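# Tertiary structure, described
This is what each chain is made of:
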Amino acid sequence: MYQTILSRILKLIGFEIARFVHGLHQSITWRLNGIRSQMQNAKQPEFYDRCAQVLDIRLFFAFDPMGTTSRRHFICSHNRFENPRYIFENEHVTLMSIDDEYAMFAEASSKGMHLWKMEYSGFMKLAQVKYCNKLILIPRNQFHRMADELGDPKVPIIFLFSVGRCGSTLMTQIMESTNHCVSISEPGPLNYILEKLVFQEEPRENLTVACRDIVRWICRPCPSCNPLVYFIKVNPWCHSLPVVYDAFPSSKYLFMYRNVTDVIRSFDKVAKEFPSLILASVITRHSSYLRGKFFTKFDMQECLKSDGLWNDQIGGAVFYVANCRFYLENGYNVLPISAIRYEDIMSDAVHAIRIIFDYCQLPASLIEAALDGLRTDAQRNTPISISRLKKHTSSELDDGTKRLVNTMLQHFSLPLIGEDCLLKGTITNKH
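Below is a summary of the structure that appears in this document. (Residues numbered from 1 in each chain as written. Predicted model: local features only at pLDDT ≥ 70, side-chain atom pairs only at ≥ 80, totals over all residues. Heavy atoms only, no water.)

## Thoughts on the sheet that holds strand β8 (residues 229–233)
Formally: Two strands pair if DSSP finds at least two bridges between them. Secondary structure elements are defined from DSSP: runs of H or I of at least 4 residues count as helices, runs of E of at least 2 residues count as strands, and each element is numbered from the N terminus. In this analysis, axes come from line fits to C-alpha atoms, helices being fitted only over the stretch in contact, and the angle between any two N-to-C directions falls in the range 0 to 180 degrees. Two residues qualify as a contact provided that any one of their heavy atoms is within 4.5 Å of a heavy atom in the partner residue.
The strand order across the open sheet built from five strands is β7-β8-β6-β9-β10, with neighbouring strands paired in parallel fashion. Either end of the sheet is taken by a strand with one partner, and the two such strands are β7 (181–185) and β10 (337–341). Looking at each pair of strands side by side, their axes are set apart by 20° on average, direction ignored. For strand β6 (residues 157–162) and β8, the ladder comprises four bridges, and the chain directions are parallel. Each bridged residue has a counterpart across the sheet, and for Ile157 the counterpart in β8 is Tyr230. Its contacts with the sheet put helix α6 (residues 168–176) on β6, β7, β8, β9 (252–257) and β10, and the angle it makes with β7 is roughly 160°.

Structure, rendered in structure tokens:
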């Protein structure tokens with residue numbers, strides 16, 4: 001495990017050196033051949049018709065492939081400037097990421113490739129990296145102009161929030177299996193909203209506009225699919241829910257969860273495949289300062305009495321508790337959101353899917369097709385597929401971990417380890 005981290009750190013250093021040298025050479029040549037001037041012009045309203053800079057991808061590297069993809073992960077060369085209508089007219093061009101300066105679209109290598117589909121990956125951001133050979137940069141002001149021209153989706157949007165490691169990707173696959181739903185798993189651009197919220201870098205009203213325009217392009221028109229709904233599985237961190245709701249108050253909202261023990265044991269396995277989580281775990285285990293900041297951030301000061309106890313199961317428990325708490329305090333009690341439970345789907349899929357479809361206003365005739373989504377691993381084309389995770393074992397929770405996790409759960413009035421977890425607002429429970 002530590003050899004993997006060291007190897008990726010060395011690769012990252014090599015990539016950053018290559019990107020720096022390439023960037024230096026590119027900066028000089030672009031100034032000499034006028035490309036830099038054209039890039040500056042592209043930000044002006046009068047140059048809207050030539051504001052899209054098309055880049056050929058030469059190299060990609062990310063320390064953690066499951067993390068947020070951004071411009072700094074690519075080495076590219078200039079191809080041409082294009083009319084933004086090119087993006088409107090090509091379904092195989094999708095929004096990949098956004099930052100303060102640019103929106104970055106990715107162009108799939110072949111027309112007709114819908115990279116949100118599970119056949120490419122359980123996560124859209126991974127499919128974009130694997131199957132795209134061009135990037136298209138749009139200045140932020142021009143991106144918002146494009147979004148205004150595009151407008152809101154013509155069919156309803158359903159947003160799925162979750163605790164993570166609870167079957168949310170499977171739920172996305174269930175929806176896709178109906179063949180009447182564009183299901184998009186963890187689109188990267190929405191992470192921009194979350195990051196701004198975490199670091200409190202942007203006024204709420206600005207984030208609402210950014211979120212609205214991001215979602216408009218995530219749910220870009222798909223005439224070849226003609227969906228009844230768009231289903232967006234948001235990155236498992238519920239803190240962006242209020243901003244998303246501000247942008248789309250008429251949409252449907254779901255929160256998915258699972259028994260706490262199963263979530264944290266699954267997180268324990270997955271953490272061994274995420275380089276960033278491996279590194280964070282090692283540092284946190286040896287730093288009382290970081291543990292203190294971590295627990296304080298989530299209002300879990302009681303856990304500071306744990307005498308330095310830390311492992312990946314505890315990390316998974318923190319995220320579980322934080323998301324459940326946010327759902328109960330800022331979702332269920334404030335916004336029109338309903339919860340669905342993984343165990344209910346597994347014990348009686350027909351009943352649970354019928355309830356979910358009724359809530360989402362989808363016809364019951366789609367249930368039979370939806371059941372096909374239960375037959376294959378939804379994350380089969382990802383670094384955290386079932387087959388890949390089988391090589392890792394998750395140990396039983398020791399007494400110290402149980403005590404600490406129960407302290408978290410009890411502090412926020414959540415069911416303890418071993419108790420049945422049925423959150424308020426759950427619609428899939430038969431009883």
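## Some details on the packing of aromatic side chains
Stated formally: Side-chain rings of Phe, Tyr and Trp (the six-membered ring for Trp) are treated as a pair once their centres are within 6.5 Å; stacked means planes under 30 degrees apart, edge-to-face means over 60, and tilted covers the remaining angles. Under the scheme applied here, a residue whose accessible area is under 20% of the maximum for its type counts as buried, over 50% as exposed, and between as partly exposed, the area being computed with a 1.4 Å probe on protein chains only.
One pass over the structure, following the stated rule, counts 17 aromatic pairs. With a centroid separation of 5.3 Å and 15° between ring planes, the pair formed by Phe159 and Tyr253 is classed as stacked. In this pair, Phe159 sits in strand β6 while Tyr253 sits in strand β9, placing the two residues 94 residues apart along the sequence. According to the relative accessible area criterion, Tyr253 is buried, its value standing at 1%. Ring geometry for Phe295 against Trp310: centres 5.8 Å apart, planes inclined by 65°, an arrangement best described as edge-to-face.

## Here we look at the side chain of Thr178
Relative to the assigned elements, Thr178 resides in the loop between α6 and β7. Relative accessible area serves as the criterion here: at 4%, Thr178 is assigned to the buried category. Look past the residues within four positions of Thr178 in its chain and what remains in contact with it is Phe357, Leu366, Ala369 and Ala370.

## Examining the environment of Ile367
Mapped onto the secondary structure, Ile367 falls in helix α16 (residues 367–370). For the pair formed by Ile367 and Glu89, sequence separation is 278 residues and the distance between their alpha carbons is 33 Å. Those residues in contact with Ile367, other than ones at most four positions away along the chain, are Val350, Ile353, Arg354 and Phe357.

## Quick look at the pairing of strand β5 (residues 132–139)
In terms of burial, β5 is largely enclosed, as seven of its eight residues are buried. As paired strands, strand β1 (residues 52–60) and β5 are joined by four bridges and run antiparallel to one another. Residue pairing for β5: Val54 is matched across the bridge by Ile136. Sheet topology places strand β4 (residues 102–108) next to β5; seven bridges connect them, and they run antiparallel. Its bridge partner lying in β5, Tyr102 is registered against Pro139.

## Some words on the state of the cysteines
Threshold: Cysteine sulfur atoms are paired as a disulfide whenever they come within 2.5 Å of each other.
Tallied over the entire structure, the rule returns zero disulfides. The structure places no disulfide on Cys76, whose sulfur is separated from the nearest cysteine sulfur, that of Cys132, by 11 Å.

## Observations regarding the pattern of salt bridges
Heads up, the condition is: One side-chain nitrogen of Lys or Arg within 4 Å of one carboxyl oxygen of Asp or Glu is enough to make a salt bridge.
Counted under the stated rule, the structure contains 26 salt bridges. The salt bridge partner of Asp148 is Arg216, with a shortest N-O separation of 3.3 Å. Taken together, the residues Asp148 in helix α5 (residues 140–150) and Arg216 in helix α8 (residues 204–218) connect sequence positions 68 residues apart. For Glu273, the salt bridge is made with Lys391, and the minimal N-O distance between the two is 3.4 Å. Placement of the pair is Glu273 in the loop between α10 (260–270) and α11 (275–285) and Lys391 in the loop between α17 (386–389) and α18 (399–411), with a sequence separation of 118 residues. The class for Glu273 is buried, based on a relative accessible area of 13%. Residues joined in a network through salt bridges with shared partners are Asp148, Asp152, Arg212, Asp213 and Arg216.

## A closer look at a nonpolar patch on the surface
In plain terms, the rule: A patch is a set of surface residues, each over 30% in relative accessible area and not in a salt bridge, joined within 9 Å for like charges and within 5 Å for the nonpolar side chains Val, Leu, Ile, Met, Phe, Trp and Tyr. In these tables, accessible area is a Shrake-Rupley quantity obtained with a 1.4 Å probe, and a residue counts as shielded only by the protein chains included in the view.
Taken together, Leu6, Leu10, Ile13, Ile17, Phe20, Val21, Leu24, Ile28 and Leu32 make up a surface patch of nonpolar side chains, about 960 Å² in accessible area. Examined against the element boundaries, Val21 turns out to sit in helix α1 (residues 2–33).

## A closer look at empty space enclosed by the protein
Rules: Of the grid points, spaced at 1 Å and generated over the protein atoms alone, those admitting a 1.4 Å probe that cannot get out make up cavities, while open sets with protein on both sides within 12 Å along at least five of seven lines make up pockets; any residue with an atom within 4 Å of a point is treated as lining. Grid points are joined across faces, edges and corners, and a volume is the space filled by probe spheres set on the points. Only Asp, Glu, Lys and Arg are considered charged, only Ala, Val, Leu, Ile, Met, Phe, Trp, Tyr, Cys and Pro nonpolar, and every remaining residue, Gly among them, polar.
A complete count under the given rule lists three cavities of 30 Å³ or more for this structure. Space inside the largest cavity adds up to approximately 130 Å³. Mapped onto the lining of the largest cavity, the elements with two or more residues apiece are β3 (93–98), β7 and α8. Class assignment for the residues of the lining of the largest cavity results in 12 nonpolar, two polar and two charged.

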